[in-house]
Amino acid sequence: MEEYFFEKSFFNDLYLYNIGHQKCAPSHQFGPSIRENYILHFIVKGAGTFKVEGTNYELTKGDFFLLRPSVETDYQASAANPWEYYWIGFNGEKVEEILHYLKIDSASHVGKAQNEELVLERLKQIFQPNLLANANQLVVQRYLYDILSVFHSEVVRSDSLEEEKRRYSYSFMTYVKHYYQKNDLQIAEIAETFGLNKSYFSQVIKQEMGMTPNEYLSFVRMEEGARLLLKSEKSVKEIAFLVGYENPLTFSRAFKNYHGVSPMTYREKITESKK
């Protein structure tokens, strides 16, 4: 067994406490026990059983199991195919918040790695003796985030899915408000930045916002176009370019479909009503 402990980090939200590696003997058992820190075990070979809160989980290569502070756990290697695993111990003021973001909530104790190769690479890098010094805390912190980012629980809760959809819709609104001036902005491009296919992305936005992504993009452009018509003396051509239209005629048609009048008529009507 190999195990290293790290000095107290200057990171408070999340920090690495220790790291270890073990090739277990057949039927090797640890527990029942209660830990003070969070400890995540990543299985690289073999199989075994993890027991927590009265439930047994049969796990194998690519799986992980998570020990939480003050929760009794018990785990045992297979007699025929004993597991080999790495573990990382961590703690911090925002660990539960970070785990929840990764969809590993208090009811989630096991799961899988989405990228086994990356996890194993980062674990081996942390094991390098030169990284144990305090001077390398930033590098270690980066590796810790890399490792945690590719784990996800097998438990997919409906409230977590709803939260994820709300996050997508908020990110979409923010993205559009930042990039609506681009005349080549495409919904497929936005969906790709979120790692989603266009069809599913459009479905989520429609469900969350009551309008399609293209409708929201048009809404932002038309509202900004109207604001510029009233608050500036820029020409329709200039405003069209500023809100993402290369062709001012296309902008004028879209504006009339949305507001019911042409850009110039809109400007004149509002100006007259203020006299």
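Since the model is a prediction, treat every value here as computed from it, not as a measurement.

**Examining the pairing of strand β5 (residues 47-52)**
Link 1 in the chain: Taken together, the six bridges between β5 and strand β6 (residues 55-60) define a ladder with antiparallel strand orientation. The residue bridging F50 from the neighbouring strand is Y57, located in β6.
Link 2 in the chain: Hairpin connection from β5 to β6: two residues lie between these consecutive antiparallel strands, with E53 at a positive phi of about 50°.
Link 3 in the chain: Inspection of the sheet shows β5 paired to strand β8 (residues 72-77) by five bridges, in the antiparallel sense. Opposite G48, over in β8, you have A77 as the bridge partner.

**With respect to the sheet that holds β6**
Link 1 in the chain: Taken in spatial order, the four strands of this open sheet run β3-β8-β5-β6, and their pairing is antiparallel. Each edge of the sheet is formed by a strand with only one pairing partner; in this case those strands are β3 (29-34) and β6. Within the sheet, the average angular offset between the axes of one strand and its neighbour, ignoring direction, is 15°.

**As for the nonpolar core**
Link 1 in the chain: If you look at the biggest cluster of nonpolar residues, it comprises 32 residues, and the most contacted ones within it are F172, V176, I190, F201 and F251.
Link 2 in the chain: At the level of elements, α4 (158-179), α5 (187-193), α6 (198-209), α7 (213-231), α8 (236-242) and α9 (248-259) are the ones that each hand at least two residues to this core.
Link 3 in the chain: Broken down by element, this core gets its largest block of residues, seven residues, from α7.
Link 4 in the chain: Judged by nonpolar contacts, the second largest core, of 31 residues, contains F64, I104, V119 and I126.

**Describing the pattern of salt bridges**
Link 1 in the chain: The final tally for this structure, using the stated rule, is eight salt bridges.
Link 2 in the chain: Here E116 and K61 are joined by a salt bridge, their closest N and O atoms 2.8 Å apart. Pair noted here: E116 is in helix α2 (residues 116-126) and K61 is in the loop between β6 and β7 (63-67), with a separation of 55 residues, a long-range link.
Link 3 in the chain: Exposure remark for E116: the relative accessible area of 26% places this residue in the partly exposed category.
Link 4 in the chain: Its relative accessible area of 47% is what places K61 among the partly exposed residues.
Link 5 in the chain: Close ionic contact of K112 with D63 constitutes a salt bridge, the shortest N to O distance being 2.9 Å. Of the two residues, K112 sits in strand β10 (residues 110-113) while D63 sits in strand β7, which places them 49 residues apart along the sequence.

Cut-offs and rules
- Residues numbered from 1 in each chain as written.
- Predicted model: local features only at pLDDT ≥ 70, side-chain atom pairs only at ≥ 80, totals over all residues.
- Heavy atoms only, no water.
- Pairing = 2+ DSSP bridges.
- Helix = DSSP H or I, 4+ residues; strand = E, 2+ residues; numbered from the N terminus.
- Axes fitted to C-alpha atoms, helices over the stretch in contact; angles between N-to-C directions.
- Core = buried A, V, L, I, M, F, W, Y, C linked by side-chain atoms within 4.5 Å.
- Buried < 20%, exposed > 50% of the residue type's maximum accessible area, 1.4 Å probe, protein only.
- Salt bridge = Lys/Arg side-chain N within 4 Å of Asp/Glu carboxyl O.

By themselves these figures say nothing about function.
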